[in-house]
Amino acid sequence: MIYYAAAAGLFVILKLVFSFAHNTFFGFMLAPVIVIIELFTGASCVYMPESGGWYFGALNILIDKSCSGYNFWLLCFIMISFLTLRYFERSSYKAPLILAALFFSYCITLFVNTSRILASILIQNRIGGFLPLKYSALIHEACGIATNLGFLIIIYILIEKFLTRRY
Amino acid sequence: MKNLFNPKLLFIINTLPITVLFFLFTSQYGIINSLLGDESRRLWLIFGLLLFVMAVLNFLYALWLTLKKKGVSIRYCAAALVCYITFIYFYTIFMADFFPAEVPRWLIDEHIVLYPGTFLMPTIFYALFSLAVSIRFEPIDKKPWKGFLLAVAIPVLWYLFFTILLPLWQPREGNFFMHTTAVLLVGSTVAFLFFLIKVLYAVISRHMGVLRKYRLVWLIPLALILPLVGLVLNNKPPFAGGAEMSGVFGNFTNYWFYILAVLNGVLICLPNLQNKPYRFILFLARSITFVYTLYFFLVFLPFLPASVLFIIAWGAGFLMLTPLLLFVIHINILSADFIFLKEHFQKYSLAAASVACFLVIPIVITAVYLRDRVVLSRALEYMYTPDYSENYSINKSSVKKTLMNIEINKERRDFFLFPAGTPFLSSYFNWLVLDNLTLSDAKISVIKAVFFGEPFKRAALENIRNSDVAISKISSQSGYDKEQDVWRSRIDLEITRKAYGGARTVFGEYATVFDLPDGCWISDYYLYVGDTKEYGILAEKKAAMWVFGKIRERNQDPGLLHYLTGNKVAFRVFPFSAGETRKTGIEFLHKEPVIISLDGHSVKLGGETAGDNIETEGALYVSARQKQQLKHVKRKPYFHFIIDASRDNRESAERFADRIGALTKKYVALAENARISFVDTYVYTKMLDDNWIEGYKSLPFDGGFYLDRAVRKVLFDSYKSGEAAYPIIVVVTDRFDDAVFSGDFADFKFAFPESDLFFELRDSGRLLTHSLVKDSAPIKQIMRLNENRQVLEYKLADGSIVYLPDNNSPSVVPKGHIYNANEAEIKEKSWMTGLAMQGMWQSQILHPKSSLNDSFGLIKYSFLSKIMMPVTSYIVVENEAQKAMLAKKQKQALSSGKPLDLDEETQRMSEPGLLISTLLLAIFLRIVHRKKKCKFA
């Protein structure tokens, strides 16, 4: 039980960190994403201190801490932790397991967050032309939810299957 | 059959299409609303409400059934069939009132008449199918041939009616006959389809064993022969290809349609053996080609109600029903495969594999289109927004394929009922590759000329000026703006068309071109429409010109002002009836006194001011007065030869070398540091030496002679180098008229202060002059080049030097680097803003690629400052509908690019909130756990 509490505690602490941390703190999550987006779209970005984010002029998008995938990371982390903790009996495994879940979910987050942003850019570019601007945010939100939830479900199913077969 | 009555189907076939239909019609209504009369508006409202009520009732019904876990009832199907057919019928009857003649056709979406048919057809077809399979009709159920006879009798009777009875018919006055025929035709079509479905269903249900035993006897014709015959008949003659060829129902000339038709037919006909690996592979392959079957099913769905007419009019019209039958057969075969395979594989894995295979063809098509998009953007970038310092290499065969695709997909047809291009795919192509814009024929022709050396026809100079329309009164007034230290002047014009009746056209147009001096900008424009003084709207140039053209077709009242090249401004007013006088006026913003020459009338505006030089971050303004104090210098001239290396010039090397040799001997001083550019699709520049001929001979000689790019590149390099030397451009070619160039280089005027001329070196060593600023300037032969031209030297704040023409006019020159003005500096009708924007524009001339996105910034700044720039136009339109259309076109034109700055339209790529994500994940986990519990229970 204590390990579940530890994972939940870590979740809460990390969430609090999000509220108080400056944009530059999220560099470890944003930098890889920005590099990949630059690579895929061919667009370059500049850091804009006044808005605290990276602005892609050619795409007219801004990436700041709210786009870092931090929420997804936390959610993915807590889901993986709770899912895996059930399958391991030995206490000595459990603490490293939580840390491994943190790292593993970080890696997944980089991939998922990049996919989400790329999908949003693509959809925005395609649909933006014939839909009123006010719907853009809605489309973006829907696209984000679909991507994040879709990946969370896939991860859940895969881990569950893997653990069920193995243990 | 249970699935057929699943109420969730109604959400897909009814709610979803009607929502889209609503969206499309609302958008259309928004544009033409102001032009509609009360009657038409009421009609729109009634039909809109009717559709809304029907859609809501459907939705509620489907929702209720879903919650109650009940199936769709037959009564609903009958009601839906009657209601939606009636709706479409009345929509067709009232079509003329929906879109009255007062509404210009260009304001109406060309496909709008087909939309109700397309979006309501799924519900109608569903209802008809459900009724046909559910209603028991003893005579046909027992003896299906009777039903078949009934079905066949319907087109036969209509045929007899149209060929024998109709010519003898003496119609009475009124619409009774028309309505009766239409109602009967619709009714009999429904009956025809009803009997046909019923017969097929009865035959399939009763004789399943026989049908299975002799499946190839009916399957080969249906799945293989008829689709091929259909394609051949549609495309007549087959495999012809090309944009000119297009069948009745669309352009299916691409050979892949035939390959897929054969492949799909063979796969459907293959036996369904009880062998697991064989069946699995067959299932996947059939899933891949199912998209082909579905495609043709969707293409022919809107034509279903017309099937009877087609069968009457055209014997082979029954082929239209093949996609429908094939669709049903393909689904049956797939489900049989699925039922067999699910005994051996996991059901979800099978479904996932099937979906993945289904997506193969769409993904391949998308990939091909995306490749077209990339190739096209690269080719367009090279042509229209290049980086002059970059060396380009573009895959020419890809460009060729892409252009062919574009030509096929941009095909249009006059008869609205039949689709142009390839149904759905053309729209998808236009959306994905062209962003729903078009690539004009002119642009396609230029790209072909540049990349493949195809004949290039330079656009003829527009000569629409009517000789009987002229300025009858001209006056001006200038006001000094102390705060800005500038003049704000206005020229008021009265333009009159002669009253005599010898005019060639009913409506006359006034059109003229005038030069704006450097440092003078247009800041307002008005035109009287009737008694109302309408002020011009500043709009994106392409959108404004499109709208102007369309309004002109309708003989309504537009006025237009826009830049041509350099400082040339075109001014047009339309229409003028005989003897009519119209009033219009233009406001100018200028620093020094200027003279504007309008159609032979010279008007002096403003008075003396201090006339100081102004150097900003992006541009330099040097006043006429200050020019007198600048130092006169002579830069060292040198030859820059531009040699034609286009198609068919492989043998020209020696001839060109002789000409160049003779000229360099005559002008030894100009031959020092001379440069040479070999020009085909690309420009290869080097210093002129004795070995240049080797380099020339090694070229591929497979493109056009892209002179435009070569001259611009020479001017760009010369301006950027900042040297105290300047090029004398000499073009060496045998076919100057085939060279691809736009006409003039006035936008680059700041780069050639010494002279506006470039030269053509003819075979006998003769030098002919061409103007760099005027396309229409006469060509003269010269005996001796002037090597002693003077310019003015100006030292910028950073120590660099710019050279200005030695004349009595002010000059505006760019600083040379990429420059974007800051939005905070943009002020309404401010002269300094005009200078900043001019700097931006000139920066864009020098760096088209880097400033691709900034052109939208310049449009925005032009709107904010109300100062016209070369990317914008002042246009006066007559009414609200035209304004709405202008706004729509403008949005469309701007949507393919992005605005410059971070503003309210900038999209933050924020991820969804933690709360909503957690909630949704919790719901998912809850469902999973419930399922697990049920399993264990």
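A short tour of the structure in this document, coming up. Please read these numbers as outputs of a predicted model, since none were measured by experiment.

Residues and elements named next belong to chain B. Strand order in the open sheet formed by three strands is β14-β22-β23, and the pairing between neighbours is antiparallel. Every other strand in the sheet has two partners, leaving β14 (631-633) and β23 (801-805) as the edge strands with one partner each. Between one strand and the next, the sheet's axes are offset by a mean angle of 45°, whatever the strand orientation. Where β14 and strand β22 (residues 791-795) come together, three bridges link them in antiparallel fashion. In the sheet register, Lys631 faces β22, and the bridge partner there is Glu793.

Let us now look at the packing of helix α3 (residues 74-93) of chain B against helix α5 (residues 115-134) of chain B. When two helices pack together, their arrangement is given by the angle between the helix axes and by the axis-to-axis distance. Residue and element names in this part refer to chain B. Contact geometry of α3 with α5 gives a least axis separation of 9 Å together with a crossing angle of 145°. Relative to α5, the crossing made by α3 is left-handed. Every residue of α5 that contacts α3 at Ile74, Tyr76, Cys77, Ala78, Ala80, Leu81, Tyr84, Ile85, Phe87, Ile88 and Tyr91 is listed here: Pro116, Gly117, Leu120, Thr123, Ile124, Tyr126, Ala127, Leu128, Ser130, Leu131 and Ser134.

This next bit is on helix α1 (residues 8-32) of chain B. Residues and elements named next belong to chain B. Taking 1.5 Å as the rise per residue, α1 with 25 residues should run 36 Å; its terminal C-alpha atoms sit 36 Å apart, in good agreement. Along α1, the sharpest change in direction is near 25° and occurs at Thr15; proline Pro17 comes one to four residues later. Taken as a whole, α1 has its buried residues at Leu10, Ile13, Asn14, Thr15, Pro17, Ile18, Leu21, Phe25, Gln28, Ile31 and Ile32.

All names here are of chain B. Within the structure shown, the criterion is met by four cavities of 30 Å³ or more. Volume-wise, the second largest cavity comes out at about 180 Å³. Taken together, 15 residues form the lining of the second largest cavity, with Tyr726, Pro727, Ile728, Ser755 and Leu757 sitting closest to its centre. The element best represented in the lining of the second largest cavity is strand β18 (residues 725-732), accounting for four residues. Grouping the amino acids of the lining of the second largest cavity by side-chain chemistry returns eleven nonpolar, two polar and two charged.

This part takes up the packing of helix α12 (residues 276-300) of chain B against helix α14 (residues 322-341) of chain B. Residue and element names in this part refer to chain B. Interaxial distance between α12 and α14 falls to 9 Å at its minimum, and their mutual angle equals 155°. It follows that α12 is roughly antiparallel to α14 by the angle criterion. Our pair here, α12 against α14, has a crossing hand that is left-handed. Here the residues of the contact of α12 with α14 sort into 18 nonpolar, four polar and four charged.

All names here are of chain B. If you trace the five strands from one edge of the open sheet to the other, you get β1-β2-β9-β4-β5, paired in antiparallel fashion. Each end of this open sheet is capped by a strand with a single partner; those strands are β1 (469-481) and β5 (532-535). Adjacent strand axes in the sheet meet at a mean angle of 20°, parallel and antiparallel pairs treated alike.

What follows deals with the pairing of strand β20 (residues 767-771) of chain B. Residues and elements named next belong to chain B. Most of β20 sits out of view: five of its five residues are buried. Burial along β20 is two-sided: Leu767, Thr769 and Ser771 and Leu768 and His770, pointing in opposite directions, are all buried. Counted between consecutive antiparallel strands, the loop separating strand β19 (residues 757-761) from β20 contains five residues, among which Gly765 sits at a positive phi close to 85°. Here three bridges tie β20 to strand β21 (residues 780-782), and the two strands are oriented antiparallel to one another. Bridge assignment links Leu767 to a residue of β21, and that residue is Ile782.

In terms of nonpolar packing, the biggest core is built from 134 residues, with Phe451, Phe514, Ile522, Leu561, Phe571, Phe588 and Phe748 of chain B touching the most fellow members. Of the residues forming this core, the biggest block, eight residues, is contributed by helix α26 (residues 831-846) of chain B.

Quick notes on the rules
Numbers given to residues run from 1 along each chain, matching the order in which its sequence is written. The naming scheme follows written order: chains are lettered A onward, ligands numbered 1 onward. With pLDDT at 70 or above as the cut-off, local features in this predicted model cover only qualifying residues; side-chain atom pairs require 80 or more to be listed or tallied, and sums for whole chains, interfaces and linings still use all residues. Based on all heavy atoms of the structure, the side-chain values leave hydrogens and waters out of the count. We treat two strands as partners when DSSP finds at least two bridges between them. Helix and strand definitions here come from DSSP, where helices need a minimum of 4 consecutive H or I residues and strands a minimum of 2 consecutive E residues; each element is numbered from the N-terminal end. Fitted lines through C-alpha atoms serve as axes, helices being fitted only where they are in contact, and the angles separating the N-to-C directions of these axes extend from 0 to 180 degrees. Crossing handedness: left-handed means the near helix sits turned counterclockwise from the far one by under a right angle, and right-handed means the same turn made clockwise. Note on contacts: a residue pair qualifies if any of its non-hydrogen atoms lie within 4.5 Å across the two residues. Expected helix span is given by 1.5 Å per residue-to-residue step, counting one fewer step than there are residues. At every residue, the bend is computed as the angle between two fitted axes, covering the seven residues ending there and the seven beginning there respectively. Between buried and exposed lies partly exposed: a residue is buried under 20% and exposed over 50% of the maximum accessible area for its type, with that area taken using a 1.4 Å probe on protein chains only. Two kinds of site are reported from a 1 Å grid over the protein atoms alone, namely cavities, where a 1.4 Å probe fits but cannot get out, and pockets, open sets with protein on both sides within 12 Å along at least five of seven lines, and residues are called lining when an atom falls within 4 Å of a point. Grid points are joined across faces, edges and corners, and a volume is the space filled by probe spheres set on the points. Each residue gets one of three labels, nonpolar for Ala, Val, Leu, Ile, Met, Phe, Trp, Tyr, Cys and Pro, charged for Asp, Glu, Lys and Arg, and polar for the others, Gly among them. Any angle that falls under 35 degrees is termed roughly parallel, while one over 145 is termed roughly antiparallel, one within 65 to 115 roughly perpendicular, and all others oblique. The set of buried Ala, Val, Leu, Ile, Met, Phe, Trp, Tyr and Cys residues whose side-chain atoms join them within 4.5 Å is what this entry labels a nonpolar core.

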